[in-house]
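# Coordinates in review
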Amino acid sequence: MAIDLHVHSTASDGTDAPGDVVRAAAVAGLDTVALTDHDTTAGWAEAAAAAREVGVALVPGAEISCRSNGIGVHMLSYLHDPEHPALLAELALTRDDRVDRARRMVRHIGADYDLLWEHVLEHVGDDATVGRPHIADAMVARGLVASRDEAFATVLHSGSRYYRPHHAPEAAVVVRAIRDAGGVPVMAHPRAGHRGRLVPDRVIERLAAVGLGGLEVDHRDHDPADREALRGMARELGLVMTGSSDYHGAGKLNRLGEFTTSPAALAEIVDQATGTEVVRP
Ligand code: AMP
Ligand code: ZN
Ligand code: FE
Ligand code: FE
């Protein structure tokens, strides 16, 4: 059983359409894949249709942007009700502010580089959640940088003078909203330190007390010591441990199935969820 619980499509900042991600998962030999686009469930229907077609199980999900004491946190949500009003409202607010924020960043970048908002829009899918990778794609297309990686290492890095934050709800609020919507919250890449500041362990303990269900342990951005520390914390707090690729298509090196989740961990997530069902082929 090969289970990958964290992948992105053109509904946010991946480069494969939702159906293509699922088809690629089948080709990669995965039995189960979760679609977890940033702050949206817009790709679910297309991914579900492809899952039935190619015989892969689909876990509908999302990666929800949040904040804790000003530190960015990514919260994976699995199997929540996509119509739940409180969660819907939070996600819409974040998506709207992501557009304003990207426009602000592009205005500042445009003072030094030959880049306009129109150029970025050419790389954003219909109804997609806008993110820095779309700015990177426009810069690559215009020959301003060689790759998404180079863009993130320079102008788009959270320490860059062009960087601006976007609105994101408090992590504890999001954990409760996901549970209210029948979903299971799993903190994404808790130790991915090169992206910016990390939340201290006591924040994870506090989130566990308000309903956090799991930690993403095995991830490309974690070294062996990070994984060991996260395993210890998950055991101590009674949290599910997952492993995933964080696949973004051609935009990042991450390959589908490069890290996977055990069937027992997935069963625990499915057991806790009441918001929607796994799409079975
Ligand atoms: P944003 O959501 O707009 O703040 O942008 C963050 C997104 O950019 C995350 O989904 C990351 O997966 C992606 N990202 C971060 N670093 C890189 C990188 N070096 N190359 C490509 N994508 C990246
Ligand atoms: Zn992303
Ligand atoms: Fe993330
Ligand atoms: Fe992600």
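Residues numbered from 1 in each chain as written. Chains lettered and ligands numbered in written order. Predicted model: local features only at pLDDT ≥ 70, side-chain atom pairs only at ≥ 80, totals over all residues. Heavy atoms only, no water.

### A word on the coordination of the iron ion (ligand 4)
Of the protein atoms, only H6 (NE2), H8 (NE2), E63 (OE) and D246 (OD) coordinate the iron ion (ligand 4), at distances of 2.0 to 2.3 Å. Geometry at the iron ion (ligand 4) is irregular, judged from the four donor atoms that bind it and their angles of 75 to 163° at the metal. Site description for the iron ion (ligand 4): donor spacing in sequence, H-x1-H-x54-E-x182-D. In this structure, the iron ion (ligand 4) is positioned 4.4 Å from the zinc ion (ligand 2). Within this pair, whereas H6 is found in strand β1 (residues 3-7), its partner E63 is found in strand β3 (residues 57-68), the two being separated by 57 residues in sequence. (Donors = N, O, S within 2.8 Å, 3.2 Å for Na, K, Ca; no water. Tetrahedral: all angles 85-135°; square planar, octahedral: opposite > 155°, others 65-115°. Helix = DSSP H or I, 4+ residues; strand = E, 2+ residues; numbered from the N terminus.)

### Examining the confidence of the model for the protein
Per-chain confidence: the protein averages 97 in pLDDT, with 100% of residues scoring 70 or above. No element of the protein has a lower mean pLDDT than helix α6 (residues 148-153), at 96, and none a higher one than strand β5 (residues 184-187), at 99. (pLDDT = per-residue confidence, 0-100.)

### Notes on helix α9 (residues 224-237)
For α9, spanning 14 residues, the distance from its first C-alpha to its last is 20 Å, which sits close to the expected 20 Å at 1.5 Å a residue. Those residues of α9 that sit buried are D226, R227, L230, M233 and A234. Looking straight down α9, one finds its buried side chains confined to an arc of 130°; they lie on one side. Within α9, the exposed residues directed more than 90 degrees away from the buried face are P224, A225, R235 and E236. Packed against the buried residues of α9 are α8 (201-209), β6 (214-218) and β7 (240-243). Between the side-chain oxygen of the N-cap and the backbone nitrogen of A225 there are 3.1 Å, and the N-cap of α9 in question is D223. Of the residues flanking the end of α9, it is G238, one or two places downstream, whose phi is positive at about 70°. (Expected span 1.5 Å × (residues − 1). Buried < 20%, exposed > 50% of the residue type's maximum accessible area, 1.4 Å probe, protein only. Arc of directions from axis to C-beta. Contact = heavy atoms within 4.5 Å. Polar contact = N/O pair within 3.5 Å; in protein donor to acceptor, adjacent residues only side chain to side chain.)

### Quick notes on the side chain of R132
Structurally, R132 is set in helix α5 (residues 132-141). Buried and unpaired, R132 has no salt bridge, with D13 as the nearest side chain of opposite charge at 8.1 Å. Only 2.8 Å separates the side chain of R132 from the backbone oxygen of L156, close enough to count as a polar contact. Look past the residues within four positions of R132 in its chain and what remains in contact with it is R101, M105, F152, L156, H157, S158 and Y163. (Lys, Arg positive; Asp, Glu negative; His and termini not counted. Salt bridge = Lys/Arg side-chain N within 4 Å of Asp/Glu carboxyl O.)

### A closer look at the environment of H157
For H157, the position within the fold is in the loop between α6 and α7 (171-180). As a C-alpha pair, H157 and H119 span 38 residues in sequence and 20 Å in three-dimensional space.

### Some thoughts on the site of ligand 1
Taken together, 14 residues sit near ligand 1, with H38, R101, R132, D149 and K252 positioned nearest. A distance of 2.7 Å is found between an oxygen atom of ligand 1 and a side-chain nitrogen or oxygen belonging to H38. In isolation ligand 1 exposes 500 Å². Once the protein is present, 91% of that is buried. Contributing elements (two or more residues each) for the shell around ligand 1: α3 (85-110), α5 and α6. Here the element with the most residues in the shell around ligand 1 is α6; it accounts for three residues. (Near = heavy atom within 4 Å. Areas by Shrake-Rupley, 256 points an atom, 1.4 Å probe, with all protein chains shown as cover.)

### With respect to the pairing of β7
The pairing of β6 with β7 spans four bridges and is classified as parallel. Within β7, the residue paired with E216 across the bridge is T242. Following the chain from β6 across α9 to the adjacent parallel β7, one finds a crossover that is right-handed. (Pairing = 2+ DSSP bridges. Right-handed = clockwise from strand over helix to strand, strands pointing away.)

### Focus: the side chain of R148
Locating R148 in the fold gives a position in helix α6. Only 2.7 Å separates the side chain of R148 from the side chain of D137, close enough to count as a polar contact.

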